[in-house]
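Spelled out, the chains give:
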Amino acid sequence: MRVSIHFLPLTLVLGACTGPLDVYYKPGATVTRLQTDETNCEVKALKDVPISEQIRQRPPIYYPGSSICNGAGNCWYRPGYWVDGGIYSVDVNKDLRNRVLTQCMANKGYSPVSIPLCSAGVKASAPIATTTTLPSLTETSCYIKNEDGGFQIISQVKSKQG
C-alpha cells in the first residue's frame, strides 16, 4: 500500500474522478467519525499553526533585441525588453500545518493511506453500496466512487481462476 505525504480533506478528494483516494485510515472507524476527527484536527492545526501568507516576486525576464535586415542591406535593431516575473503569495506555514494535522490524526489512531481506484471489472461485479465503516485493507484493496459523492472500499477482490 503506497502512503502519501499530503492529504486533502476527504470531501475534496472525492471530487476527483480517476485518482487514488488519499485519506487518513483506521480500520473499524466509521466514516462519520473519520470526518469529525479530521475536521477537529484541521481546526487544531489551523489554531496551532495559522496561515502566514508572504508576498513574493519572481525575477523579471529579459528578452534580448534582434536585428531585422531587408534585401538591400538596410538593417534595423529592435531593442530588448524586460517582462515582469509576476507576484504571488505563499503560505509559509502550510507544510508545518500539514505535519501537525498528520500528527493529530496519528494520535487518534489514523494512518495516511492512498487507495487506488477499482478497475471497471471490479466495479461492475461489486454490489452498489457505500462504505460506512472502514474495513481492513489488503494489497488488492481499491475504492469505487459513487454517484452521490460517497465511496465504497473493496477490500477483498476475488481473482478469477480458469
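Quick caveat, the model's predicted, so the values are computed rather than measured.

Scoring rules and cut-offs
- Within each chain, residues carry numbers counting from 1 in the order of the written sequence.
- Totals for whole chains, interfaces and linings use all residues, but because this is a predicted model, local features are given only for residues with pLDDT of at least 70 and pairs of side-chain atoms are given and counted only at 80 or more.
- Remark: hydrogens and water are excluded; side-chain values derive from all non-hydrogen atoms of the structure.
- A run of H or I in DSSP counts as a helix once it spans at least four residues, and a run of E counts as a strand once it spans at least two, with each numbered from the N terminus.
- One less than the number of residues in a helix, times 1.5 Å, gives the span that helix is expected to have.
- Buried residues are those whose accessible area, probed at 1.4 Å on protein chains only, stays under 20% of the maximum for their type, while exposed residues exceed 50% and partly exposed ones sit between those limits.
- Think of the arc as the fan of directions from the helix axis to the C-beta atoms.
- What makes two residues a contact is simply this: any of their non-hydrogen atoms within 4.5 Å.
- Only buried residues count toward a nonpolar core. Its members are Ala, Val, Leu, Ile, Met, Phe, Trp, Tyr and Cys residues joined through side-chain atoms within 4.5 Å.

1. Here's the deal with helix H3 (residues 94–107)
Its 14 residues place the ends of H3 20 Å apart at the C-alpha level, agreeing with the 20 Å of an ideal helix rising 1.5 Å per residue. For H3, the full list of buried residues reads Arg97, Asn98, Val100, Leu101, Cys104 and Met105. Buried residues of H3, seen end-on, are gathered within an arc of 160° and therefore sit on one face of the element. Opposite the buried face of H3, by more than 90 degrees, sit the exposed residues Arg99, Gln103 and Asn107. Elements that come into contact with the buried residues of H3 comprise strand S1 (21–25), helix H2 (31–48) and strand S7 (87–91). Positive backbone phi, approximately 95°, marks glycine 109, located one or two places after H3.

2. Comments concerning the nonpolar core
One finds Val23, Tyr25, Leu34, Met105, Ile115, Leu134 and Ile153 to be the most contacted residues of the largest nonpolar core, which totals 21 residues. Counting residues per element, the ones that place at least two in this core are S1, H2, H3, strand S8 (111–115) and strand S10 (151–154). Residues Cys118, Val122, Ile144 and Ile154 belong to the second largest nonpolar core, which totals six residues.

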